[in-house]
Amino acid sequence: MSRPLKIMLVAAEASGDALGAGLAKALRSRLGEDVVFVGVGGPRMAAEGVASPFDIAELSILGWLEGLKAYGLVKRRVADTVALAVAEKPDAVVLIDSWGFTIRVAKALKEALPGVPLIKYVGPQVWASRPGRAKTLAASVDHLLALYSFDAPWFEKEGLPTTVVGSQALHVDMSGADPAAFRARRGIAPDADLLLVLPGSRPSEIRLMTPVFEGAVASLKQEEPALEIAVIAAGTVADDVAGRVATWPFRVHLVSEAEKYDAMKAATVALATSGTVSTELALAGAPMIIGYRFQPLSYAIMKPFFTGKYATLFNHAADAEIARELIQNDATPARFASAVRRLLSDPAVRRDQARRQTEALDLMGRGGRDPSEIAADAVLRVIAGRASRASI
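Residues numbered from 1 in each chain as written. Predicted model: local features only at pLDDT ≥ 70, side-chain atom pairs only at ≥ 80, totals over all residues. Heavy atoms only, no water.

S.K.: Could you clarify how one ought to interpret the sheet that holds strand β12 (residues 324-327) in this entry?
M.R.: Whether parallel or antiparallel, the strands of a sheet pair through hydrogen bonds between backbone atoms. Strand order in the open sheet made by the six strands is β9-β8-β7-β10-β11-β12, with parallel pairing throughout. Where the open sheet ends on each side, the last strands, each with one partner, are β9 (253-255) and β12. Taking the axes of each pair of neighbouring strands and ignoring which way they run, one obtains an average angle of 20° across the sheet. With four bridges connecting them, strand β10 (residues 269-273) and strand β11 (residues 288-292) associate as parallel partners. Bridged to A272 within β11 is I290. (Pairing = 2+ DSSP bridges. Helix = DSSP H or I, 4+ residues; strand = E, 2+ residues; numbered from the N terminus. Axes fitted to C-alpha atoms, helices over the stretch in contact; angles between N-to-C directions.)

S.K.: Explanation requested: the environment of Y310 in the structure shown.
M.R.: Along the chain, Y310 falls in the loop between α13 (296-302) and α14 (313-318). You can call Y310 buried: its relative accessible area is 15%. Apart from the residues within four sequence positions on either side, Y310 is in contact with W127, N315, H316, D319, A320, E321 and E325. (Buried < 20%, exposed > 50% of the residue type's maximum accessible area, 1.4 Å probe, protein only. Contact = heavy atoms within 4.5 Å.)

S.K.: Looking at this model, I keep getting lost on the pattern of salt bridges. Mind explaining?
M.R.: Pairs can form between side chains of opposite charge once their charged atoms are near each other. This structure, assessed with the given rule, holds 23 salt bridges. With a shortest N-O distance of 2.9 Å, E88 and K6 are connected by a salt bridge. Note that E88 is positioned in helix α4 (residues 71-88) and K6 in strand β1 (residues 5-11), a separation of 82 residues in sequence. Given a relative accessible area of 18%, K6 falls into the buried group. The residue R355 makes a salt bridge to E359 at a minimum N-O spacing of 2.9 Å. One end of the pair, R355, and the other, E359, are both in helix α16 (residues 347-363), four residues apart, so they sit about a helical turn from each other. The exposure class assigned to R355 is partly exposed, which follows from its relative accessible area of 42%. Its relative accessible area of 42% is what places E359 among the partly exposed residues. Linked by salt bridges that have partners in common, R30, R369, E373 and D377 make up one network. (Salt bridge = Lys/Arg side-chain N within 4 Å of Asp/Glu carboxyl O.)

S.K.: Before we go on, may I ask you to explain the pairing of strand β5 (residues 143-146) in this structure?
M.R.: In regular strands, side chains alternate between the two faces of the sheet. Here β5 shows a buried face lined by H143 and L145 and a second buried face lined by L144 and A146. The pairing of strand β4 (residues 118-121) with β5 spans three bridges and is classified as parallel. Counted as the bridge partner of I119 is H143 from β5. Assessed by its sense of winding, the connection that carries the chain from β4 through helix α6 (residues 133-138) to β5 is right-handed. Where β5 lies against strand β6 (residues 162-164), three bridges are found, and the strand directions are parallel. Looking at β6, one finds that L145 is bridged to T163. (Right-handed = clockwise from strand over helix to strand, strands pointing away.)

S.K.: What am I meant to see in the environment of A317 here?
M.R.: Assignment of secondary structure puts A317 in helix α14. Between the C-alpha atom of A317 and that of S274, which follows or precedes it by 43 residues, the distance is 15 Å.

S.K.: Looking at this structure, how should I read the layout of surface pockets?
M.R.: Using a probe with the size of a water molecule, rolled over the atoms, empty space left in the structure can be pinpointed. The space that makes up the second largest pocket amounts to roughly 210 Å³. Classifying every residue of the lining of the second largest pocket gives six nonpolar, two polar and five charged. (1 Å grid on protein atoms, 1.4 Å probe; cavity = no way out; pocket = protein on both sides within 12 Å on 5 of 7 lines; lining within 4 Å. Points joined across faces, edges and corners; volume = space filled by probe spheres on them. Nonpolar A, V, L, I, M, F, W, Y, C, P; charged D, E, K, R; others polar.)

S.K.: Quick question: what am I supposed to make of the nonpolar core here?
M.R.: Side chains of nonpolar character tend, in soluble globular proteins, to be buried together. The biggest cluster of nonpolar side chains holds 67 residues, and the ones touching the most others in it are Y121, L196 and L281. It is helix α17 (residues 371-391) that contributes the most residues to this core, seven residues altogether. The residues touching Y121, leaving out its near neighbours within four places in the chain, are L19, L23, V94, L95, I96, D97, L145, L147, V165, P371 and A375. Judged by nonpolar contacts, the second largest core, of 33 residues, contains V78, A85, L118 and A146. (Core = buried A, V, L, I, M, F, W, Y, C linked by side-chain atoms within 4.5 Å.)

The following block contains the structure:
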């Protein structure tokens, strides 16, 4: 009897951990006992049978300067990951998101295990910055699982076979969200304006964005004392967010991950750090303002490489600034307050933005098949293709 298929999954951040867990579950639904998993990941992947040799939280790094500081650690963890692959000899390796970490792993595995197919799940956003990474990836892996149709041409023109699987964020089920119950639990009147603040999910984002958002909210509260404020504390940074928000000089409703979709549906306007959360807010019908700040030196180094017009995915898909984006020097309390004020003051403007956000989600592929299912099929096709070529 042939041995089970052994697939190595490698993720270095919470978002990748979620994708890896979904892929493992989809593969097991197809293969049952005929698949085993090894690799690197977080708690969600662990629940699906991927035992990680180290805690991936230490690899949640953003920015060039921060990356330089962590270079020694990243180098060690790359070596640990490659050593695991060499010891386990998987039939395929899937490297999930986290460009800086996974591209180093890919290059090392290309040399250490030349016969093993390497699959990248989520390519770098070359449409936004450093388009040369498409060529680098094409030389380092055998197949790409891309999230959006607008990703594929960048990599295919470099000769990298690409399967568009879609984004899991477009498949969030909000049917059970109850905005009225959320407001009732919090003592927020049904007709009260509610500003939802989402400061991010990385420690650096919380450190850089929370004070800016606090300044914007303080200005808005001074003008409209009845404005209700809720802050979502992502699980990975919940304690940090709670500690910071506790010092704000006005009432704040602190929202856990378990309630976040209720809160998104209940929000009049959202103020969010750029990331996947913008797609979730759009699904919830919440008009939003998007912001982001980097460490100043990191931004100065990175800025020449930014080539895209927009940071927000649905803005990019629509080729229009549907949601206002305030990045780095533009990300000031006064500008955030002004942008939020415009939305709060005009229901028609809010309705129009929410409608345009929804239309942009359709351009991104909303309503398609589950991405984990498509990704699982693609992984098995790549393995089968490699096996058939090896038998010739």
